[in-house]
Amino acid sequence: MSRLIAVTGKGGVGKTTVCALLIKRLLAAGKSPVLAIDADPNSCLDAALGVCVTDTVGRAREDVRDSARAGGVGASANVNMSKRELLRLKLESALVEAKGFDLIAMGRPEGEGCYCYANNILKEVIIEISSQYPWVVLDNEAGLENLSRRIVQKVDLMVLVSDASNAGLQTLLRLHELAGEMGISYGKLALVINKLRGAPLPEAARLPDRTEEIREKTRANIVIGLPDDDEVAGFAETSRSFLEIPDSNPVYTTVEELLINPVF
């Protein structure tokens, strides 16, 4: 049975970094193989994990659509199974295999027009691929779009990431509200306040009251604060794999808290 961790938040708050460090922790704990899903059209998770994506789910979907329009595979109702199988094969070829984990990237959004059939099959195949892994980590695009489209239907741990600004914390609350409005189901909720300067939570200046407010409103199972760390910033700036970051790094050691009881 797979456990799915979905990480989301507004752009630029460190979602991909959190995902990469969670994957590092899972691998260190022997929880492999892990499936990493990069749902951000900008596709940054591969660099954070030290691999390179060449094909994406978006490209696979468009290739099958173009084939159908050209009168090739899947052009008529009586060869729909062939279209399904072609998409399945293309998605499998888009899977990047690495030591202890595999990565699949969603890629850019759909082009002109709607290809609902392919989207439905896409959901089925992603669910099927995910079921083969004990742990799945989803690096969501900014907001909750992929979750709202039900590409991934069941979330065991939802991680909402924010920076320490008032605007960022307000966005975090809004994302939590959106999750409720969309009917997104999750087992546990974790809030991550990233790039803190000075004292960690809950002592961080100007944050104690907001932290308690947010915890109360969201009923989060855990709220953690990550320091604004020069080593992490250096890894990001040089596109160095976060799997290589020292185990003693304070951001990494704090992220570990997301994977211990009572969350999991």
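For the structure itself, look to the data block above.
Residues numbered from 1 in each chain as written. Predicted model: local features only at pLDDT ≥ 70, side-chain atom pairs only at ≥ 80, totals over all residues. Heavy atoms only, no water.

A.B. asks: Sorry, what's going on with the overall build of the protein here?
C.D. replies: Counting secondary structure elements, the protein contains ten helices and eight strands. With 264 residues in all, the protein has 50% of them scored as buried. Once local pairs closer than 6 in sequence are excluded, the contacts in the protein between residues at least 24 apart make up 79%. By element, 49% of the accessible surface of the protein is carried by carbon and sulfur atoms, the whole surface being about 12200 Å². (Helix = DSSP H or I, 4+ residues; strand = E, 2+ residues; numbered from the N terminus. Buried < 20%, exposed > 50% of the residue type's maximum accessible area, 1.4 Å probe, protein only. Contact = heavy atoms within 4.5 Å. Areas by Shrake-Rupley, 256 points an atom, 1.4 Å probe, with all protein chains shown as cover.)

A.B. asks: Mind showing me how you'd approach the sheet that holds strand β1 (residues 3-9) here?
C.D. replies: Across a sheet, paired strands are connected by hydrogen bonds in the backbone, their directions being either parallel or antiparallel. If you walk across this open sheet you meet the eight strands as β3-β4-β2-β5-β1-β6-β7-β8, and the pairing is mixed. At either end of the open sheet lies a strand with only one pairing partner, and these are β3 (96-97) and β8 (222-227). With five bridges connecting them, strand β2 (residues 34-38) and strand β5 (residues 135-139) associate as parallel partners. Its bridge partner being in β5, Val 34 is matched across the sheet by Trp 135. The sheet contacts of helix α1 (residues 15-28) involve β1, β2, β4 (101-105), β5, β6 (155-163), β7 (186-196) and β8, and relative to β5 the element is tilted by about 165 degrees. Of the strands in this sheet, β1, β6 and β7 touch helix α7 (residues 166-181), which is tilted by about 155 degrees from β6. (Pairing = 2+ DSSP bridges. Axes fitted to C-alpha atoms, helices over the stretch in contact; angles between N-to-C directions.)

A.B. asks: Help me out: how do you make sense of the pairing of β4 in this one?
C.D. replies: For a regular strand, side-chain orientation follows a simple rule: the groups alternate between the two sheet faces. Burial analysis of β4 places five of its five residues in the buried class, the great majority of the element. Judged by which residues are buried, β4 turns out to be covered on both faces: Phe 101, Leu 103 and Ala 105 on one side and Asp 102 and Ile 104 on the other are all buried. As paired elements, β2 and β4 share five bridges and run parallel to each other. Among the inter-strand pairings, Ala 36 is bridged to a residue of β4, identified as Leu 103. With two bridges connecting them, β3 and β4 associate as antiparallel partners. Bridged to Val 96 within β4 is Leu 103. Taken together, β3 and the strand that follows it, β4, pair antiparallel across an intervening segment of three residues, in which Gly 100 is found at a positive phi of about 90 degrees.

A.B. asks: I'm lost on the packing of aromatic side chains in this one. Help?
C.D. replies: Think of a pair of aromatic rings as described by two things: how far the centres are apart, and how the planes are tilted against each other in angle. The final tally for this structure, using the stated rule, is one aromatic pair. Ring centres 5.9 Å apart and planes at 25 degrees place the aromatic pair Phe 235 and Phe 242 in the stacked group. An identical accessibility class is assigned to Phe 235 and Phe 242; each is buried. Residue placement shows Lys 24 over the ring face of Tyr 252; its charged tip is 5.0 Å from the ring centre. (Phe/Tyr/Trp six-rings, centres within 6.5 Å; stacked < 30°, edge-to-face > 60°. Lys NZ or Arg CZ within 6 Å of the ring centre and 35° of its normal.)

A.B. asks: Would you mind showing me how to read unusual backbone geometry here?
C.D. replies: Outside of glycine, negative phi angles account for most residues, and trans bonds account for most peptide bonds. Going from Ser 32 to Pro 33, the amide bond is cis rather than trans, its omega being 0 degrees. In this fold, Pro 33 is placed in the loop between α1 and β2. We note that Arg 219 has phi near 55 degrees; this positive angle belongs to a residue other than glycine. Within the secondary structure, Arg 219 sits in the loop between α8 (208-218) and β8. Using a relative accessible area of 74% as the deciding quantity, one classes Arg 219 as exposed. Although it is not a glycine, Ser 239 sits at a positive phi angle of roughly 55 degrees.

A.B. asks: I keep staring at the environment of Tyr 133 and nothing clicks. Help me out?
C.D. replies: Within the secondary structure, Tyr 133 sits in the loop between α5 (116-130) and β5. For the pair Tyr 133 and Leu 4, spaced 129 residues apart in the sequence, the C-alpha separation amounts to 9.6 Å. Leave out the neighbours within four places in its chain, and Tyr 133 touches Ser 2, Pro 33, Val 34, Leu 35, Leu 95 and Asp 102.

A.B. asks: How should I be thinking about the pattern of salt bridges in this particular structure?
C.D. replies: Two side chains carrying opposite charge are able to pair once their charged atoms lie near each other. By the definition in use, this model includes six salt bridges. Across the pair Arg 174 and Glu 181 runs a salt bridge whose closest N-O atoms are separated by 3.1 Å. The partner of Arg 240 in a salt bridge is Glu 244, with the nearest N and O atoms 3.0 Å apart. (Salt bridge = Lys/Arg side-chain N within 4 Å of Asp/Glu carboxyl O.)

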